[in-house]
Amino acid sequence: MLLIPCPWCGPRAQIEFTYGGDADVRRPKDAMAATGAAWHDYVYLRDNPRGSHDEIWQHSAGCRRWLRLTRDTLTHAIIDSAPPTKEPPS
Amino acid sequence: MPEALPREPAIRPVQKVGTASTAGVVLTLRPAATILRLCAPLDHAPFVAALAAAGLSLPEDPCISEQWGDATAFWVAPGEWWLVDIGATLTETTIRADLPARPRAIVDLSHSRTIMRIGGSQAVDLVAKGCPLDLDPTAFPTGGCPQSVLAGVNLLLHRLPANAGFDLYVPRSYARHLWEWLQLAGAEYRISVAAG
C-alpha cells in the first residue's frame, strides 16, 4: 500500500487513487503516417525500469484530479508529486 | 428551470430508542439538503470575488468548509465547491444570474446524495474501521471535508464542531449498503438510531 501525496489534498491511501500508466507515453503525431510498429509500441510496449518512474495517477475517490507521480519501483519511495503539466512535452 | 420533484429519502431507517444513554454511536439520517456544485476549474478568482461580494466567502484551502449560519460551502477540488443549504441566502437562480458570463458550471446534486450523521463518543472508532483517512484532529480538523472511501463507498466526510461526529454525504444508491454496514460495524459500540 502506497501513501500518495495528492498535490491538493495531501497524503492519502492508495485505494483512493486510480493508476493512469506511464506518464511519458506519446501517441504517434501523424496517425495516418505512423507505422504499425510505432502503433504497436504506443499501445503495448512499456519500459519496466528498476528505480525512478514517472507515472500519472488520478485521485479518483478524492478531488478527482490527475497528478504526475515520480516513484521508485524498487523501494516504493515517492520522489515527487505534482499537478500534470499543461502542455504535453513534445 | 424544470420544476423540482419532491425529495424522497433513499432509506427509511428503523428507529432504535431507549439505548441512547449507553450508546457509543448514534446514527441519524439527515433531512435532504440542497446541494449545488460550483465548478470553475480554469480561473476561479473572479468567481470567488463575485460570491464574496454576495456575502459568501468560499474556502480556498483544500478539504476545508466554510459555515454561514445553516449553510455550508465545501471545498471539493481545485476550483470546485459544494454549497449546501444556502437557500436562505442565495438561490440557484441568483447564483446563475450573478455569474452569467464566466466559464463555469452549476449543477444541482441535491437528489444524488443521502446525508447520514454519525455521532457519539465512538464515532471516530467506527469511521476508522472502514476509512483510510487520518482521523486525528491535526490532520482532519473540525470543519474538514475530505472525500474518501468508507466501506468501499466513495463519499464526502464533514467533521462537525464540538465533537459532534461526522456528516457523510453518500451517493444515494449506496445509502442502504452503507447504512447496513454502519450498523454491523458499529454493533460493538452499541448503536442508537435516532429519528432524523
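Conventions adopted
- Residues numbered from 1 in each chain as written.
- Chains lettered and ligands numbered in written order.
- Predicted model: local features only at pLDDT ≥ 70, side-chain atom pairs only at ≥ 80, totals over all residues.
- Heavy atoms only, no water.
- Salt bridge = Lys/Arg side-chain N within 4 Å of Asp/Glu carboxyl O.
- Buried < 20%, exposed > 50% of the residue type's maximum accessible area, 1.4 Å probe, protein only.
- Contact = heavy atoms within 4.5 Å.
- Buried area = accessible area lost by both parts, 1.4 Å probe.
- Phe/Tyr/Trp six-rings, centres within 6.5 Å; stacked < 30°, edge-to-face > 60°.
- Helix = DSSP H or I, 4+ residues; strand = E, 2+ residues; numbered from the N terminus.
- Lys NZ or Arg CZ within 6 Å of the ring centre and 35° of its normal.
- Lys, Arg positive; Asp, Glu negative; His and termini not counted.
- Polar contact = N/O pair within 3.5 Å; in protein donor to acceptor, adjacent residues only side chain to side chain.

## Remarks on the pattern of salt bridges
Two side chains of opposite charge can pair, provided their charged atoms sit close to one another. Going through the model one piece at a time under the given rule, you end up with 11 salt bridges over all chains. With a closest N to O distance of 3.6 Å, Arg12(B) and Glu8(B) form a salt bridge. We classify Arg12(B) as exposed; its relative accessible area is 62%. Residue Glu8(B) is classed as partly exposed on the basis of its relative accessible area, which comes to 46%. Through salt bridges with shared partners, a single ionic network connects Asp24(A), Arg26(A), Asp54(A) and Arg68(A).

## Quick look at the interface of chain A and chain B
The extent of an interface is frequently quoted as the accessible surface area lost upon association of the parts. The interface is formed by 12 residues belonging to chain A together with 16 residues belonging to chain B. Roughly 1000 Å² of surface becomes buried between chain A and chain B when both sides are summed, with 55% attributable to carbon and sulfur atoms. For the interface between chain A and chain B, the tally reads 2 salt bridges. Taking the shortest distance from any N to any O, the salt bridge between Glu80(B) and Arg65(A) comes out at 3.5 Å.

## Some remarks on the packing of aromatic side chains
Scanning the model with the defined rule gives 5 aromatic pairs over all chains in all. Note on Trp39(A) and Tyr42(A): the rings are 5.8 Å apart at their centroids and 75 degrees apart in plane angle, and the pair reads as edge-to-face. Taken together, the residues span about one helical turn, with Trp39(A) and Tyr42(A) both in helix α1 (residues 36-44) at a distance of 3 residues. A relative accessible area of 22% places Trp39(A) in the partly exposed class. Here Tyr42(A) falls in the partly exposed class, since its relative accessible area comes to 24%. Cation over ring: Arg159(B) sits above Phe140(B), and NZ or CZ is 5.4 Å from the ring centre.

## Some remarks on the side chain of Arg159(B)
All names here are of chain B. The topology assignment puts Arg159 in strand β9 (residues 153-159). Among buried Asp, Glu, Lys and Arg side chains, Arg159 stands out as unpaired, with Asp136 the closest opposite charge at 7.2 Å. Among the polar contacts made by the side chain of Arg159, one reaches the main-chain carbonyl oxygen of Leu135 at a distance of 2.7 Å. Excluding residues that lie within four positions of it along the chain, Arg159 makes contacts with Val124, Leu135, Asp136, Pro137, Phe140, Pro141, Thr142, Gly143, Gly144, Gly165 and Phe166.

Interpretation note: all reported values are geometric properties and have no functional meaning in isolation.
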